[in-house]
Amino acid sequence: YKPSVSPEMDIMEYCAKEWRGNTPVAKRMRKGYEAVAQKFASIRRIRGDNYCAFRATLFQALSQATQLPRWLQSEDFTMLPENLLSKYDWIKQWQLKQKPGKKMGEISDEIKEYLILLRKKWKNISEIKSPTEKQEACDKLFKNEDEEYSLYEALKFLMLNTAIELYNADKNGRRVPVFSWLLFARDTSSNPCQLMHNHLNHVGHSGGLEQVEMFLLAYALQYTIQVYRLYKYSTDEFITLYPNDPEEDWPVVTLITEDDRHYNIPVRMCQETML
């Protein structure tokens, strides 16, 4: 069993190990890592198994959580599976990683359990005052494979719910963020049902999150996801925000990617950056 989140390592040591050559790509990556090292001292590798965007984002969010987000506090949060199923029969085709072939009609209770687990873990970790203990609690959670994958199922379901809300808002003439048009402009996801069938059901199995789905994840969590995209170093896309017009009160998590497919996390903000 590979650890989900590897121990921290000095960013420039990691870079020197990974990018030795003198190709233009290696030079660009080294420049990118140098820029990240201005802000963060260390990097933690995230296990790559098509869930790495979820794993990196959730790990960062929990590591710095000091309170339960508003959307996790709402009374009807755990009723989501029942509420959605009562309106959209096609959600019965939802696929669970642990239970391929089991239909949503039978698994709405399980998704409810995953949502309850997400709320419980977030609450417990956010109440830990000591940074060291908080970090230990996160490390422990991300060593428990069953719980970890249950949390990703919860996140995927929240993304579906957010997509349905945005789709309906647009149909009813309300303003929606630009990424929502892009999400539903794809041939493979012109509505939430197709998004589920062709994309969300495959995340973690045969593919990770595409860029437009990173926006959806950010909206579902009400977090700004800031990504250092190293291969875009020296362009204005080097640091990309999802969403690019975030709400001011959304907390920010930071990830690093070399290719928009695999994500690692920078940790230990340099002192001068924090001031």
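Residues numbered from 1 in each chain as written. Predicted model: local features only at pLDDT ≥ 70, side-chain atom pairs only at ≥ 80, totals over all residues. Heavy atoms only, no water.

- The chain is annotated in an unreviewed UniProt entry as ubiquitinyl hydrolase 1 from Malurus elegans.
- The Subcellular location (unreviewed entry) field of the UniProt record for the chain holds the comment "Cytoplasm".
- Under the Catalytic activity (unreviewed entry) heading, UniProt states for the chain: "Thiol-dependent hydrolysis of ester, thioester, amide, peptide and isopeptide bonds formed by the C-terminal Gly of ubiquitin (a 76-residue protein attached to proteins as an intracellular targeting signal)." (UniProt positions renumbered as here; feature names shortened; annotations may be inferred.)

**Side note on unusual backbone geometry**
Argument step 1. Residue Pro-243 follows Tyr-242 across a cis peptide bond; omega there is -5°.
Argument step 2. On the secondary structure map, Pro-243 appears in the loop between β4 (239-242) and β5 (252-257).
Argument step 3. Here the phi dihedral of Asp-260 falls at roughly 65°; this positive angle occurs in a residue that is not glycine.
Argument step 4. The exposure class of Asp-260 is buried, given its relative accessible area of 12%.
Argument step 5. The phi angle at Arg-268 is positive, at roughly 60°, despite the residue not being glycine.
Argument step 6. For Arg-268, the position within the fold is in strand β6 (residues 263-269). (Helix = DSSP H or I, 4+ residues; strand = E, 2+ residues; numbered from the N terminus. Buried < 20%, exposed > 50% of the residue type's maximum accessible area, 1.4 Å probe, protein only.)

**With respect to the packing of aromatic side chains**
Any two aromatic rings considered together are summarised by their centre-to-centre distance and by the angle between their planes.
Argument step 1. If you walk through the whole model with that rule in mind, you get 19 aromatic pairs.
Argument step 2. When the centroid spacing of 5.2 Å and the interplanar angle of 45° are considered together, the rings of Phe-179 and Tyr-219 count as tilted. Of the two residues, Phe-179 is situated in helix α9 (residues 178-185) and Tyr-219 in helix α11 (residues 211-221); the sequence distance between them amounts to 40 residues. Here the two residues Phe-179 and Tyr-219 agree in accessibility, since each one is buried.
Argument step 3. Taken together through their ring pairs, the aromatic side chains of Phe-179, Phe-215, Tyr-219, Tyr-242 and Trp-250 make up a single cluster. (Phe/Tyr/Trp six-rings, centres within 6.5 Å; stacked < 30°, edge-to-face > 60°.)

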